Protein chains: 2
Amino acid sequence: MELVDDVRKGSVRALAKLITLVENEMPNALEAMENIYPYTGNAYIIGITGPPGAGKSTLTDKITQKLRSQNFTVGIVAIDPTSPFSGGALLGDRVRMQGISSDEGVFIRSMATRGSLGGLSRATGDTVKILDAFGKDYVIIETVGVGQDEVDIIKTADVSILVVMPGGGDDIQAIKAGIMEIGDIFVVNKSDRDGADRLVTEINMMLNLGATTRDWIPPVLKTIAPEEKGVDSLLEKISEHREFLVSSGRLSYQRKERIRNDIIKIVEYEIFRYLDRLIREDKELFEQRLEDIVSKKEDPYRISKKMIDAIGRRISDN
Amino acid sequence: MELVDDVRKGSVRALAKLITLVENEMPNALEAMENIYPYTGNAYIIGITGPPGAGKSTLTDKITQKLRSQNFTVGIVAIDPTSPFSGGALLGDRVRMQGISSDEGVFIRSMATRGSLGGLSRATGDTVKILDAFGKDYVIIETVGVGQDEVDIIKTADVSILVVMPGGGDDIQAIKAGIMEIGDIFVVNKSDRDGADRLVTEINMMLNLGATTRDWIPPVLKTIAPEEKGVDSLLEKISEHREFLVSSGRLSYQRKERIRNDIIKIVEYEIFRYLDRLIREDKELFEQRLEDIVSKKEDPYRISKKMIDAIGRRISDN
């Protein structure tokens, strides 16, 4: 596939085009991903999540600058949240990533909500793979952890960094709500604000409660992203965690789990396309069936069975 | 199916049991829903959504009390958000629904996050249908509109009420972020707080911008839920909107769209179960395939194709 070849040769234009192709679920997207796949597995994937306003974008910006100063290349996938209540916030965040937007070693891509089934996490996963195959040393996924989709996305990273901030009343809630499982590294950003030390203590206490069986105790760091305070320590912890993953065999375990989820998503997606085609090819029949269900002549379960049978026949005929 | 018969006979115990069966995705859940389906379509479904802290639970409580005083029965499905950042909040909200929890004409069910594909919206949809078949006159779905799943859920209601509150800095953002499409009725709750009138004006302005082609202009109401202020007006608007839906033919259109989504979800879910069984029945083969992908002897796309073919054969054999 020529587009994939161009991506492999380092064309940024081809890179952007290929991601668009995958994001828009074009018919040849699957073929493109098959071609991309053999070149993946070299990038290290960093997930950054946290509530709105915690300063994730600025932190991403600073981490990226540090990685660039060590001559690593970086790809960033910024997830615009699906939430109708915070959808507007991230657009402004993009502007805050000024320090890196003109750097040729950095490629930034924003992903918006996708309509279809699991579309966001599939598109994000594919984009990460494309950036990986392009040759990026690091790929950073930045997302507001609002929905199940976003949590799933962060779980696919090699390391997940959970960013919180003091105040706002959300600190205790954030700790309560089962996020401990997500974070490999905790960051209390905006740590010059009141309550930063208390928040660190609280997170550590929560971690200690559940820590007895863990072989990696997540560290809790303080940062002030705009002043770059604590960012070096954060990068050190990312390295430490990476060494832990490699030496303990967890990295390959995690990546195997990721492949497991990838396969399930690919299968679901392809079957969804069979269903979509089935409906579109005989719209009138489907609309008639809907009418029959509304008027209680049919029921959706019987119709669903018929459609599953039709999908089965189509797969077998293929 | 005996359990469904018992639900139809009015057994609250059977009702709770049937919902649990559906929520836990038991093997006979589909059969149960097939049996339930013919009895659905009589309840009126009210969706209530809004950001955390807007006072949705108290409002739900007051609306329910008013409906009860008119001798209507009410089912409530309260969605615990999937968000790890606000997951803790709703537990407290349940406590706030004190006014109705001891009333036999009211059935309250909390739904938690489901692991599997679209599980939350499927389980919620099924629960609404069960409450409908049980004979509830109204079913209220209350959810924090944080994720795509929750937005999808609210879209399945006959009427969607969007609750916001003044202050907190979220007001402007909430309006900006494309929520206008979701709300049939807007409620500025906690309207004794500063900025309530400004928020009403802002929402009305936003609504007017996009309103030229709409045949229903969403009203913007002010409420103070704990004091029951504005709750009567809200119920009047719900009735007005219902009359509009019926007279314009939109109600049957909306319900047809809901059935369309139901069918897609049932098909997806059943196919997912084929896939799940396929993986579980020959775990060793699947694990070997994952290993082969990790070591680049195989790729996930080729494996996915093989699994789709196997699903196709199984469907045809059934």
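Note that the coordinates shown come from a computational prediction; the quantities given were computed from them, not determined experimentally.

(A) Here's a closer look at the overall build of chain A. Helix and strand content of chain A: 13 helices and seven strands. Taking all 318 residues of chain A together, the buried fraction comes to 49%. Taking all contacts inside chain A whose residues are at least 6 apart in sequence as the whole, residues at least 24 apart take part in 75%.

(B) Local environment of the sheet that holds strand E5 (residues 159–164) of chain B. All names here are of chain B. Pairing is parallel across the open sheet formed by seven strands, whose spatial order is E3-E2-E4-E1-E5-E6-E7. Two strands close off the open sheet at either side, each with one partner strand: strand E3 (106–111) and strand E7 (220–222). Within the sheet, the average angular offset between the axes of one strand and its neighbour, ignoring direction, is 20°. Sheet topology note: the strand E2 (residues 74–79)/strand E4 (residues 138–144) ladder contains six bridges and is parallel. Considered in E4, the bridge of Ile 76 is made with Ile 140. Helix-sheet contacts for helix H4 (residues 56–69) involve strand E1 (44–50), E2, E3, E4, E5 and strand E6 (185–188), and the interaxial angle to E4 is about 175°.

(C) Up close: the environment of Pro219(A). Residue and element names in this part refer to chain A. Its location among the elements puts Pro 219 in the loop between helix H9 (196–209) and strand E7 (220–222). Note on Pro 219: 19 C-beta atoms within 10 Å, which makes it partly exposed. Sequence separation between Pro 219 and Ile 203 is 16 residues; the distance between their C-alpha atoms is 9.5 Å.

(D) Looking closely at the packing of helix H11 (residues 250–281) of chain A against helix H13 (residues 300–317) of chain B. The geometry of H11(A) relative to H13(B) is characterised by a closest axis approach of 9 Å and an angle of 50° between their N-to-C directions. Between H11(A) and H13(B), the angle falls in the class oblique. Note on packing geometry: the crossing formed by H11(A) with H13(B) is right-handed. In this structure, H11(A) contributes Ile259(A), Asp262(A), Ile263(A), Ile266(A), Val267(A), Glu270(A) and Ile271(A) to the contact, and H13(B) contributes Pro300(B), Tyr301(B), Ile303(B), Ser304(B), Met307(B) and Ile308(B). Of the residues contributing to the contact of H11(A) with H13(B), the split by class is ten nonpolar, one polar and two charged.

(E) Representation of unusual backbone geometry in the model. Residues and elements named next belong to chain A. The backbone phi angle of Asn 71 is positive, close to 70°, even though this residue is not glycine. Structurally, Asn 71 is set in the loop between helix H4 (56–69) and strand E2 (74–79). In this structure, Glu 228 is a non-glycine residue whose phi angle is positive, near 60°. Residue placement: Glu 228 occurs in the loop between E7 and helix H10 (231–248).

(F) Structural view of the pairing of strand E1 (residues 44–50) of chain A. All names here are of chain A. Counting buried positions over the seven residues of E1 gives seven, a clear majority of the element. Of the two faces of E1, the one holding Tyr 44, Ile 46, Ile 48 and Gly 50 and the one holding Ile 45, Gly 47 and Thr 49 are both buried throughout. Here seven bridges tie E1 to strand E4 (residues 138–144), and the two strands are oriented parallel to one another. Across the sheet, Ile 48 pairs through a bridge with Glu 142, a residue of E4. Here E1 pairs with strand E5 (residues 159–164) via four bridges, running parallel. The partner of Gly 47 across the bridge, within E5, is Ser 160.

(G) Here's a closer look at the environment of Gly183(B). Residue and element names in this part refer to chain B. Looking at where Gly 183 falls in the secondary structure, it is placed in the loop between helix H8 (170–176) and E6. Judged by C-beta crowding, with 24 C-beta atoms within 10 Å, Gly 183 ranks as buried. When the C-alpha positions of Gly 183 and Ser 69 are compared, they lie 26 Å apart, and in sequence the two are 114 residues distant. When neighbours within four sequence positions are excluded, Gly 183 is seen to be in contact with Ser 160, Ile 161, Leu 162 and Pro 218.

(H) Representation of helix H10 (residues 231–248) of chain B in the model. Residues and elements named next belong to chain B. An ideal rise of 1.5 Å per residue puts 26 Å on 18 residues; H10 measures up with 26 Å between its terminal C-alpha atoms. Listing the buried residues of H10 in full gives Val 231, Leu 234, Lys 237, Ile 238, His 241 and Leu 245. Viewed along the axis of H10, the buried residues span an arc of 110°, placing them on a single side of the element. Opposite the buried face of H10, at more than 90 degrees from it, the exposed residues are Asp 232, Glu 236, Ser 239, Glu 243, Val 246 and Ser 247. On its buried side, H10 packs onto E1, H4, E5, E6, E7 and helix H11 (250–281). Phi turns positive, to about 80°, at Gly 249, one or two residues after H10.

(I) Summary view of the sheet that holds E2(A). Residues and elements named next belong to chain A. The strand order E3-E2-E4-E1-E5-E6-E7 describes an open sheet built from seven strands, whose pairing is parallel. Edge positions in the sheet fall to strand E3 (106–111) and E7, since each has one partner strand and no second. Across this sheet, the average inter-strand angle for adjacent strands is 20°, counted without regard to direction. Bridge count for E2 against E3 is six bridges, and the pairing is parallel. The residue of E3 that forms the bridge with Ile 76 is Ile 108. Packed onto the sheet, helix H6 (residues 119–134) meets E1, E2, E3 and E4 and runs at close to 170° relative to E3. On the sheet, H10 packs against E1, E5, strand E6 (185–188) and E7 and is oriented at approximately 170° with respect to E6.

Parameters and conventions
Residues numbered from 1 in each chain as written. Chains lettered and ligands numbered in written order. Predicted model: local features only at pLDDT ≥ 70, side-chain atom pairs only at ≥ 80, totals over all residues. Helix = DSSP H or I, 4+ residues; strand = E, 2+ residues; numbered from the N terminus. Buried ≥ 20, exposed ≤ 12 C-beta atoms within 10 Å, placed from the backbone. Contact = placed C-beta atoms within 7 Å. Pairing = 2+ DSSP bridges. Axes fitted to C-alpha atoms, helices over the stretch in contact; angles between N-to-C directions. Parallel < 35°, antiparallel > 145°, perpendicular 65-115°, else oblique. Left-handed = near helix turned anticlockwise from the far one by under 90°. Nonpolar A, V, L, I, M, F, W, Y, C, P; charged D, E, K, R; others polar. Expected span 1.5 Å × (residues − 1). Arc of directions from axis to C-beta.

Functional significance is not addressed by these values, which are geometric in nature.
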